[in-house]
Each structure stands twice: as structure tokens, then as C-alpha cells.
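Chain residues, written in single-letter form:
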Amino acid sequence: MRQSGGPHIQSFAKLNLYLQVLNKRKDNYHDLSTLFARISLADTLTFKERQDGLIKIKCASPDVPDNETNLCYRAAALLKQEYKLCRGIEIGLKKLIPVGAGLGGGSSNAASVLMGLNKFWNLNLPATRLEKLGARLGSDVPFFIHNAKFALGRGRGDKIKKLGSLDKLKLWFVLVYPNFKVSTPLIYQKFDSFSGLTMPRGDVKMLISELSKKGKAAGAGCFFNSLEAVTVSLYPAVNQVKKALFGMGLDKVMMSGSGPAVFGLCDSGRQARELKNQLLKKHKFWQAFAVSTV
Ligand code: C5P
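Residues numbered from 1 in each chain as written. Predicted model: local features only at pLDDT ≥ 70, side-chain atom pairs only at ≥ 80, totals over all residues. Heavy atoms only, no water.

Novice: Can you lay out the packing of helix α2 (residues 105–120) against helix α3 (residues 127–135) for me, pointing to particular residues and giving the numbers?
Specialist: Closest axis-to-axis distance for the α2/α3 pair is 10 Å, and the angle between their directions is 140 degrees. Here α3 runs oblique to α2, going by the angle between their axes. Of the two elements, α2 crosses α3, and the hand of that crossing is right-handed. Only Leu130, Leu133 and Gly134 of α3 make contact with α2, whose side of the interface consists of Leu114, Met115 and Asn118. Looking at the contact of α2 with α3, its residues break down into four nonpolar, two polar and no charged. (Axes fitted to C-alpha atoms, helices over the stretch in contact; angles between N-to-C directions. Helix = DSSP H or I, 4+ residues; strand = E, 2+ residues; numbered from the N terminus. Parallel < 35°, antiparallel > 145°, perpendicular 65-115°, else oblique. Left-handed = near helix turned anticlockwise from the far one by under 90°. Contact = heavy atoms within 4.5 Å. Nonpolar A, V, L, I, M, F, W, Y, C, P; charged D, E, K, R; others polar.)

This is the structure in C-alpha cells:
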């Protein structure tokens with residue numbers, strides 16, 4: 001944590017390089033097999049003590065609520081409630097991760113607040129406890145608490161196994177957000193009655209094993225996302241993004257999470273940056289980023 005007027009924390013986004021929906025559960029969630037990759041696109045959080053015991057969120061982004069529905073607020077409130085704390089906090093949030101994009105921005109923010117306040121408030125809670133609390137806020141939160149570059153997610157995505165064998169692997173992507181939000185509950189609901197389901201060519205273990213042994217080119221053939229066809233059926237613009245990336249010569253292109261953000265695997269950071277610049281010139285309404293795994 002960097003100290004300058006209170007701690008600054010980077011809150012990274014994720015991509016799902018593999019996301020197979022296995023079955024619907026009794027609690028209405030879905031069991032998944034997913035491969036998470038943490039990427040360099042990040043929001044910044046700052047903490048400032050408040051003497052009045054209240055939680056306040058300061059965020060300039062119009063897409064982010066500043067009330068008690070905000071995941072940063074909920075994470076701080078959960079800690080206060082669980083540990084009967086009277087402390088107040090002002091959380092500053094500088095948002096770069098698009099909201100409602102399939103990039104896990106809200107979950108990442110919640111994880112960062114749990115981890116950050118654990119230090120700021122000297123709670124000394126173990127990561128296993130933070131993970132359990134995080135799972136109550138969102139299925140993707142435990143991944144971010146794990147502090148892993150790559151991890152396997154099971155259960156509803158909340159049972160995390162860190163993949164240390166991939167620690168040295170650095171992948172570069174060009175990432176496109178076509179500037180509209182997608183509701184994750186809606187996509188899972190449509191998934192249950194969707195008739196155009198696609199099946200993976202290989203399983204997630206194959207992808208991990210290929211990535212760890214041979215690097216990106218071999219493993220990337222098995223990128224897979226069960227939700228992509230569902231989101232595309234509701235929002236054909238996702239296919240437009242995919243086509244644009246294929247048209248630039250990329251062949252490993254996929255939607256992340258429930259979308260609509262789409263990523264294309266690049267050979268280098270230079271290629272990712274060049275493609276990002278080309279995309280920004282051609283498609284004025286899209287946001288484009290060059291990102292690497294971190
Ligand atoms: O856990 P999270 O708040 O991110 O989930 C948002 C919604 O997405 C859930 O309420 C549920 O409808 C759906 N979901 C699901 N199965 C998962 C994760 C999310 O059905 N594994």
C-alpha cells in the first residue's frame with residue numbers, strides 16, 4: 001500500500017479464459033468450472049478515517065451508486081457488522097474498469113475493501129475468513145482475495161484454487177467494451193432456457209496443462225465460455241466486436257463472464273497497444289484497452 005493522504009489500493013479486473021456452466025443449483029446459482037486471469041486494468045481505492053462512524057463512498061463515475069447498494073459500501077458494512085465496529089470510513093473510488101462488463105470490477109472493489117480495511121483497521125483477519133465474507137458479497141470476490149494471477153474457480157465460482165504453475169506466464173490482450181451494460185442475473189436466467197448451447201472442445205484441465213507446458217499459443221485453442229452465445233443472442237453487438245478483432249488478424253477472441261466485454265489474445269504488448277489504437281480510431285463508441293495478466 002502506498003501512503004499519500006491515506007492508502008491507495010489497486011483493484012484489478014479479471015477475464016474468464018474458460019467458463020463452463022455445469023448445472024443449475026437449488027439456490028438458483030449455477031455450478032461453474034472457470035479459469036480466472038487477473039489483468040492490469042484497475043480501479044484505485046483510497047481510505048480516509050471518518051470520526052462520525054459512517055461509511056461514505058466518493059466516486060465521480062455516473063455508473064457507480066454512492067449509496068448502500070455499492071459493493072464497497074457493502075463490504076465495509078459487513079466488516080462493521082460482523083466485528084461490531086463503530087469506525088467510520090470514506091472510500092474514494094477512481095473507476096477505470098467498465099461497469100456491467102463481465103470484468104468483475106464490482107467484485108474486485110469489494111475484495112479490495114475487505115483486504116484494505118483488514119489492514120487499515122488492524123483487524124488481522126486471515127485470508128480464509130475474508131474469502132468467506134467475500135463470497136457473501138459476490139461469487140467472484142474470493143478470486144480477488146486470493147491474490148492470484150491465474151486461478152481455477154469451482155462451485156458458483158467462489159471455490160478457488162490458485163494456479164502457481166502459471167505464475168510466470170504473461171499473456172497480452174486487447175480488450176473491448178462496447179459501451180453498454182449487461183445484467184449477469186438476466187444472462188444466467190436466459191441460459192436456463194437457451195436452445196443454442198455450445199459445448200467446449202476441451203476441458204479446463206487441458207487448457208491449464210497446455211498453458212503451463214507450452215505457453216499461450218497451444219492452450220488458447222481451448223478458450224471457452226458457455227454464456228457467450230446467450231449474450232450474443234440478446235446483444236448482437238457483441239458479435240460485431242468479435243468480428244472486428246478477428247478482422248485484425250487475431251484468432252483467439254472471446255467474451256468474458258456474462259459480457260459484453262470481449263478480449264483477443266495478442267502476441268505482445270506492442271501488438272495489443274497497436275490494435276487498441278486502431279480500434280479507438282475506427283469505433284468511436286467503444287472503449288479499448290491493452291492489458292496483460294498481472
Ligand atoms: O454472485 P453474483 O452477485 O456475482 O451473481 C449475480 C447473479 O448471477 C446471481 O444472483 C445469479 O443470478 C447469477 N449467477 C449464477 N451462477 C453463478 C454466478 C452468478 O446463476 N455461478
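Novice: Give a description of the sheet that holds strand β8 (residues 172–177) that names residues and reports values.
Specialist: With respect to topology, four strands assemble into an open sheet ordered β10-β11-β8-β12, the strand pairing being antiparallel. The strands lining the two open edges of the sheet, one partner per strand, are β10 (253–255) and β12 (287–292). This sheet shows a mean twist of 25 degrees between the axes of neighbouring strands, independent of strand direction. Against the sheet, helix α9 (residues 237–247) touches β8, β10 and β11 (262–266), its axis set at about 15 degrees to β11. Against the sheet, helix α10 (residues 269–282) makes contact with β8, β11 and β12, and its axis sits at roughly 20 degrees relative to β8, the strand it touches most. (Pairing = 2+ DSSP bridges.)

Novice: Give me the packing of aromatic side chains: which residues, what numbers.
Specialist: Given two aromatic rings, one states the distance between the centres and the angle between the planes to describe the pair. Applying the stated rule across the entire model yields seven aromatic pairs. Ring geometry for Tyr18 versus Phe224: centroids 5.9 Å apart, planes at 55 degrees, classification tilted. Here the residue Tyr18 occupies a position in strand β2 (residues 7–24), and Phe224 occupies one in strand β9 (residues 224–225), the gap between them amounting to 206 residues. Each of the two residues, Tyr18 as well as Phe224, counts as buried. Ring geometry for Phe36 versus Phe143: centroids 4.5 Å apart, planes at 10 degrees, classification stacked. With Phe36 in strand β3 (residues 30–50) and Phe143 in helix α4 (residues 141–145), this residue pair connects regions lying 107 residues apart in the sequence. Take Phe36: its relative accessible area is 1%, and that puts it in the buried class. A connected cluster of aromatic rings, assembled from ring pairs, spans Phe36, Phe143 and Phe144. Above the face of the Tyr29 ring, Arg156 is positioned so that its terminal group lies 4.8 Å from the ring centre. (Phe/Tyr/Trp six-rings, centres within 6.5 Å; stacked < 30°, edge-to-face > 60°. Buried < 20%, exposed > 50% of the residue type's maximum accessible area, 1.4 Å probe, protein only. Lys NZ or Arg CZ within 6 Å of the ring centre and 35° of its normal.)

Novice: If you had to explain the domain arrangement of the protein to someone new, which residues and values would you point to?
Specialist: What the domain assignment lists for the protein is domain 1 (2–164) and domain 2 (165–292). In this structure, domain 1 and domain 2 have C-alpha centres spaced 22 Å apart. Of the residues lining the interface, 31 residues belong to domain 1; the matching set on domain 2 comes to 44 residues. Surface buried jointly by domain 1 and domain 2 totals about 2,900 Å² across both partners, of which 64% is contributed by carbon and sulfur atoms. The largest per-residue losses of area from domain 1 upon contact with domain 2 belong to Leu17, Tyr18 and Leu19, which jointly make up 20% of the total buried on that side. Taken together, domain 1 and domain 2 are joined by two salt bridges. The partner of Lys24 in a salt bridge is Asp192, and the shortest N-O contact between them spans 3.4 Å. There are 21 residue pairs in polar contact (both at pLDDT 80 or more) connecting domain 1 and domain 2. With nine residues, β2 is the largest single contributor of residues to the side of domain 1 that touches domain 2. (Domains from an automatic or database assignment. Buried area = accessible area lost by both parts, 1.4 Å probe. Salt bridge = Lys/Arg side-chain N within 4 Å of Asp/Glu carboxyl O. Polar contact = N/O pair within 3.5 Å; in protein donor to acceptor, adjacent residues only side chain to side chain.)

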